[in-house]
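# Descriptive analysis of the structure
Read off the chains here:
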Amino acid sequence: MAFFTHHICRGLSSSAVRHVVIKNVTIIGGGQMGAGIAQVAASTGHAVTLVDTNEDILKKAVKGIEGNLKRVVKKKFADKPEAGEEFLQKAMQNVSISTDAGSVVQGTDLVVEAIVENLKVKQDLFGGLDKVAPAHTIFASNTSSLSITDIASSTNRLDRFGGLHFFNPVPVMRLVEVIATSSTSQETFDSLLNFSKMLGKTSVSCKDTPGFIVNRLLLPYILDAVRMYERGDGSKEDIDIAMKLGCGYPMGPFELSDYVGLDTMKFIMDGWSAANPDNPMFAQSEVLNKLVAEGKFGKKTGEGFYKYK
Ligand SMILES: CCCCCCCCCCCCCC(=O)CC(=O)SCCNC(=O)CCNC(=O)[C@H](O)C(C)(C)COP(=O)(O)OP(=O)(O)OC[C@H]1O[C@@H](n2cnc3c(N)ncnc32)[C@H](O)[C@@H]1OP(=O)(O)O
Ligand SMILES: NC(=O)C1=CN([C@@H]2O[C@H](COP(=O)(O)OP(=O)(O)OC[C@H]3O[C@@H](n4cnc5c(N)ncnc54)[C@H](O)[C@@H]3O)[C@@H](O)[C@H]2O)C=CC1
């Protein structure tokens, strides 16, 4: 059940701002991002329903969440095993799963969508949910590259729609980009900011511009690395080593691409290419297309630029 709270918003000279306190969260998409968001939300006391069309993916997600939380408990509660066990039990009790998004959104305060990076599929999902979700429910997309305005256009709740862009792996990465469209209400935006804070994340505010902040800068970097490799200017191994040791990045661009998922990268590239057909920056990449056509999506399938088996 949602309720409203008043607080003084810093920087708004003592004007009272309302936000929806989010308790029940529905996360749609049980892949790497959805499972990570579910893990963090459940372990910070939210009642989470994780939804996917594929039951096996949901079972795998729950197993993964439990495994990750066990690692956290082992470390954080090293000298308090009973408290650790209690934390684990509570967090796991907060997670339920479903393959029927329409039926579970009835009691939810927030829907976070983390499904495939395809505008039409996201619009179809939200368009359907808009008809059955309660009026107060806020919708948010975790899209990497699509316009939140375009996704929201399939609904009649433009004021209660925003972007919550998490980073991979969600339990580790501290940032959330909170995106407001020109129609997102202040109350919705503040609710999303507050939710990010409740998850223990640092948030930055973004306009609904292509790639928001991080991916607007990350995409040209990865693109250039792939082009260098395609031209034979450097091996992927050397480029990765160079960026790790030369810039202190935890992963090089090819390791990171495999980690994000080459299928997702291709969805992003195709979207940007369609939106900017005359920009040579977004010309098709033969290497990326070949790997994706062969089902080599990166770490999640065991092979991408590198082998993981
Ligand atoms: C021409 C074609 C080009 C196409 C262009 C398209 C470009 C598209 C670009 C846009 C990409 C879109 C993606 C997006 O929207 C935004 C992103 O998310 S970008 C990715 C951001 N993430 C990163 O940059 C990750 C960088 N890597 C790291 O930080 C580390 O390598 C990592 C934390 C992953 C692993 O650390 P490492 O030290 O190597 O390993 P450990 O195993 O020791 O882990 C450290 C620490 O973290 C815990 N942990 C690791 N993984 C997980 C996990 N999955 N879940 C939970 N916890 C995890 C681990 O337990 C350790 O914890 P301790 O407490 O320290 O023990
Ligand atoms: N992989 C990454 O590093 C990041 C990805 N994102 C974004 O998050 C979203 C998800 O990405 P990943 O988790 O990597 O993808 P993924 O491929 O691991 O998971 C997507 C899941 O969505 C499910 N799905 C597809 N259509 C569905 C529908 N209509 N209803 C319910 N479930 C459905 C699939 O079965 C799959 O399990 C994408 O929009 C992506 O751009 C955002 C930040 C980082």
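Being a predicted model, the structure only gives us computed values, none of them experimental.

What counts, and where the lines are drawn
Residues numbered from 1 in each chain as written. Chains lettered and ligands numbered in written order. Predicted model: local features only at pLDDT ≥ 70, side-chain atom pairs only at ≥ 80, totals over all residues. Heavy atoms only, no water. Domains from an automatic or database assignment. Buried area = accessible area lost by both parts, 1.4 Å probe. Salt bridge = Lys/Arg side-chain N within 4 Å of Asp/Glu carboxyl O. Polar contact = N/O pair within 3.5 Å; in protein donor to acceptor, adjacent residues only side chain to side chain. Nonpolar A, V, L, I, M, F, W, Y, C, P; charged D, E, K, R; others polar. Helix = DSSP H or I, 4+ residues; strand = E, 2+ residues; numbered from the N terminus. Buried < 20%, exposed > 50% of the residue type's maximum accessible area, 1.4 Å probe, protein only. Contact = heavy atoms within 4.5 Å. UniProt positions renumbered as here; feature names shortened; annotations may be inferred. Phe/Tyr/Trp six-rings, centres within 6.5 Å; stacked < 30°, edge-to-face > 60°. Lys NZ or Arg CZ within 6 Å of the ring centre and 35° of its normal. pLDDT = per-residue confidence, 0-100.

Interfaces are often sized by the amount of accessible area the parts lose when they come together. With domains assigned, the protein chain is organised as domain 1 (24-207) and domain 2 (219-300). Each of domain 1 and domain 2 has a C-alpha centre, and the two are 27 Å apart. Counting each side, the surface lost to burial between domain 1 and domain 2 is near 660 Å², with a carbon and sulfur contribution of 58%. For domain 1, the biggest contributors to the area lost against domain 2 are Q32, E117 and S145; these three give 54% of the whole. One can count zero salt bridges joining domain 1 with domain 2. Here domain 1 and domain 2 share four residue pairs in polar contact (both at pLDDT 80 or more) between them. Here the side of domain 1 that touches domain 2 is composed, by residue class, of two nonpolar, four polar and one charged.

Relative to the helices and strands, F212 is located in the loop between β10 (202-207) and α8 (214-231). By relative accessible area, which is 5% here, F212 ends up buried. As for F212 and K299, which are separated by 87 residues in sequence, their C-alpha atoms are 25 Å apart. Look past the residues within four positions of F212 in its chain and what remains in contact with it is T143, S144, L146, I148, H165, E177, I179, C206 and K207.

Once that is clear, we can look at the UniProt feature "site: Important for catalytic activity" (unreviewed entry) in the protein chain. Mapped onto the present numbering, the UniProt feature "site: Important for catalytic activity" (unreviewed entry) falls at H165. The topology assignment puts H165 in strand β8 (residues 161-166). Ignoring sequence-local partners within four residues, the contact set of H165 consists of N142, T143, S144, L175, V176, E177, I179, F212 and N215.

Okay, the side chain of T143 next. Tracing the chain through its elements places T143 in the loop between β7 (138-141) and α6 (148-152). A polar side-chain atom of T143 sits 2.8 Å from a polar atom in the side chain of E117. Setting aside its immediate chain neighbours within four residues, T143 contacts E117, K122, I148, I151, H165 and F212.

All right, on to the packing of aromatic side chains then. This model, assessed by the stated rule, comprises nine aromatic pairs. Members of the aromatic cluster, connected to one another through ring pairs, are F126, F139 and F161. For R157, the ring lying beneath its charged end belongs to F139, and the centroid distance is 4.4 Å.

Before going further, it helps to spend a moment on the confidence of the model for the protein chain. Summing up the model confidence of the protein chain, the mean pLDDT is 94 and the portion of residues at 70 or higher is 94%. Of the regions scoring below 50 in pLDDT, residues 1-15 engages in 29 contacts with residues more than four places distant in sequence or in other chains. Of the two predicted TM-score estimates for the complex, the pTM is 0.94 and the ipTM is 0.96.

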